[in-house]
Structures are given as C-alpha cells and as structure tokens.
Amino acid sequence: MGPLFWSCLPLQALDAEGVYEMLALRNEVFVVEQRCLYQDTDGRDRDCLHVMGRDATGRLLAYARLLPPGLKGPQQQRAAIGRVLTSPALRGQGQGRPLVRQALRECEQRWPGVGQELSAQAHLQDFYASLGFRAVSPVYDEDGIPHIDMCRDPAPAE
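The model shown is predicted, which means the values in this text are computed figures rather than measured ones. In this numbering scheme, every chain counts its residues from 1 along its sequence in written order. Confidence filtering applies because this is a predicted model: local features only for residues at pLDDT of at least 70, side-chain atom pairs given and counted only at 80 or more, and all residues used for totals across whole chains, interfaces and linings. Remark: hydrogens and water are excluded; side-chain values derive from all non-hydrogen atoms of the structure.

> Help me out: how do you make sense of the overall build of the protein in this one?
When you go through the protein residue by residue, the secondary structure sums to 3 helices and 8 strands. Every radius of gyration here is taken over C-alpha atoms, with the globule rule written as 2.2 Å times N^0.38, N being the number of residues. For a compact globule of 158 residues, the expected C-alpha radius of gyration is about 15 Å, and the protein comes in at 15 Å, within 12% of that figure. Its C-alpha atoms give the protein principal-axis dimensions of roughly 40 × 35 × 30 Å. Each of the 158 residues in the protein was classed as buried or not, and the buried ones make up 42%. Residues are treated as being in contact if the distance between any of their heavy atoms lies within 4.5 Å. Across the protein, every contact between residues at least 6 apart in sequence was considered, and the portion connecting residues at least 24 apart equals 61%. In short, Shrake-Rupley with a 1.4 Å probe defines the accessible areas, and a residue's cover is counted only from the protein chains shown. In the structure as shown, the protein presents an accessible area of about 8400 Å², 53% of it carried by carbon and sulfur atoms. Looking at the protein, you have 17 positive and 20 negative side-chain charges, and the mean spots of the two groups are 3 Å apart. Strands are runs of DSSP state E lasting at least 2 residues, helices are runs of H or I lasting at least 4, and numbering of each runs from the N terminus. Note on classification: 1.4 Å probe, protein chains only; a residue is buried when its accessible area is under 20% of the maximum for its type, exposed when over 50%, partly exposed between these limits. Charged residues are defined here as Lys and Arg on the positive side and Asp and Glu on the negative side; His and the ends of the chain fall outside this count. The atoms used to mark charge sites are NZ of Lys, CZ of Arg, CG of Asp and CD of Glu.

Here you go:
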C-alpha cells in the first residue's frame, strides 16, 4: 500500500459521492464490524471537519471527524477527535498513526492552543498515549465496547 493522500473538509464541501463513501465506511466499521447499533448520523457532521485519507485510486481508506471546541456543549473546551477508523482493507499496515497525526495537525491549525480530546476504545489507550494523550476517566461502556476518555494538552507556542 502506498501513501495516503489527506484532505480535511467541511461536510458542505463534499459531493454526494464523498458523503456516501464517508458514511458507508463508518457504517462498515462501527455498525457492521464492531456490531454497534447506534445512530451514526447524530446531527453533528454539518458542523465538523472530516479528515479523509485516500489511496492513489481515490478510494477512502482512513477517516476521522473533528469537532470544534464547544460543539458538544460548554464543557467541551478542547477540539474533539471522533469516528477514528481505518478500512479493514488497510488494517495492520501502520496507517492509524498517520491518520491520528493528520487529525492532530488539522486541529492545531484550526484551533490552536486548546488541545484535543477523544473517547478511545480502551484497548487503544497505549496507542493514543504514544501520541501525547493521557487518560482522564475510568474505563466505561459505550455501545458494548470498553472506552476511556483521553485528552492531549495544547502544542507549545512556537
């Protein structure tokens, strides 16, 4: 697998095919593969940015959703990263780290000085810790999967 080509766009900048690809991949991973029966289209996509990694043929293989600070309510002081996934076709090829790094770059560029937060699947806690996140909650159940809240402090000013 060659490198992924990254974009970060608001929902309104995606064409119908791009929205369909995004929702289909999220459905494939979260609803079908992980057997989570939940309402994926939660009304927030319109206010988020969508980080997408595509291969040279244009196939969507990696995705993350970026929520601006405050979108989830006044208690959300940091930018939030959610719906982080790589396509099953891409698993085991080391593309999760570049995806999260790209999401962090996009957050820092758009919302400097606020840090980031995410709800990680508990088995990925060490992965996210290696990218500067720290646990800020005990493990809890979300849709039948153990999760843990994690945050990352703002990047130092240059």
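> Quick question: what am I supposed to make of the pairing of strand S2 (residues 49-54) here?
Counting buried positions over the 6 residues of S2 gives 6, a clear majority of the element. Burial along S2 is two-sided: Leu49, Val51 and Gly53 facing one way and His50, Met52 and Arg54 facing the other are all buried. Note on pairing: two strands pair once DSSP finds at least 2 bridges between them. Bridging between strand S1 (residues 5-10) and S2 involves 6 bridges; their strand directions are antiparallel. Residue pairing for S2: Trp6 is matched across the bridge by Gly53. Taken together, the 6 bridges between S2 and strand S3 (residues 60-67) define a ladder with antiparallel strand orientation.

> Even after reading the chapter, I still don't get the nonpolar core, so can you show me in this structure?
Residues Leu66, Ile81, Leu118, Tyr128, Phe133 and Met150 are the most contacted members of the largest nonpolar core, which totals 24 residues. At the level of secondary structure, the elements contributing two or more residues to this core comprise S2, S3, strand S4 (79-86), helix H2 (96-110), strand S5 (116-121) and strand S8 (145-152). The element that contributes the greatest number of residues to this core is H2, accounting for 5 residues. The term nonpolar core refers to a set of buried residues drawn from Ala, Val, Leu, Ile, Met, Phe, Trp, Tyr and Cys, joined through side-chain atoms within 4.5 Å. Membership of the second largest hydrophobic core comes to 10 residues, among which are Met22, Leu25, Leu60 and Tyr63.

> Before we go on, may I ask you to explain the pattern of salt bridges in this structure?
Pairs can form between side chains of opposite charge whenever their charged atoms are close. Salt-bridge detection follows one rule: a side-chain nitrogen of Lys or Arg within 4 Å of a carboxyl oxygen of Asp or Glu. In this structure the tally under the stated criterion is 9 salt bridges. The salt bridge involving Arg26 is made with Asp45; its shortest N-O contact spans 2.9 Å. A residue pair is termed long-range when its members are at least 10 positions apart, and Arg26 in helix H1 (residues 16-33) and Asp45 in the loop between H1 and S2 qualify at 19 residues. You'll find Arg26 and Asp45 in the same group, each marked buried. Two residues, Glu108 and Arg152, come together in a salt bridge whose shortest N-O distance is 2.7 Å. Residue Glu108 is found in helix H2, and its partner Arg152 is found in strand S8; the two are separated by 44 residues along the sequence. Linked by salt bridges that have partners in common, Arg26, Asp45 and Arg65 make up one network.

> I keep staring at unusual backbone geometry and nothing clicks. Help me out?
Comment: phi is negative for the bulk of residues other than glycine, and the bulk of peptide bonds are trans. Of note, the phi angle at Arg83 is positive, near 50 degrees, even though the residue is not glycine. Secondary-structure assignment places Arg83 in strand S4. Given a relative accessible area of 18%, Arg83 falls into the buried group.

> Which parts of the structure should I look at to understand the environment of Asp45?
Using a relative accessible area of 7% as the deciding quantity, one classes Asp45 as buried. For the pair Asp45 and Arg110, spaced 65 residues apart in the sequence, the C-alpha separation amounts to 17 Å. Not counting the four nearest positions on each side in its chain, Asp45 is found in contact with Leu11, Leu23, Arg26, His50, Tyr63 and Arg65.

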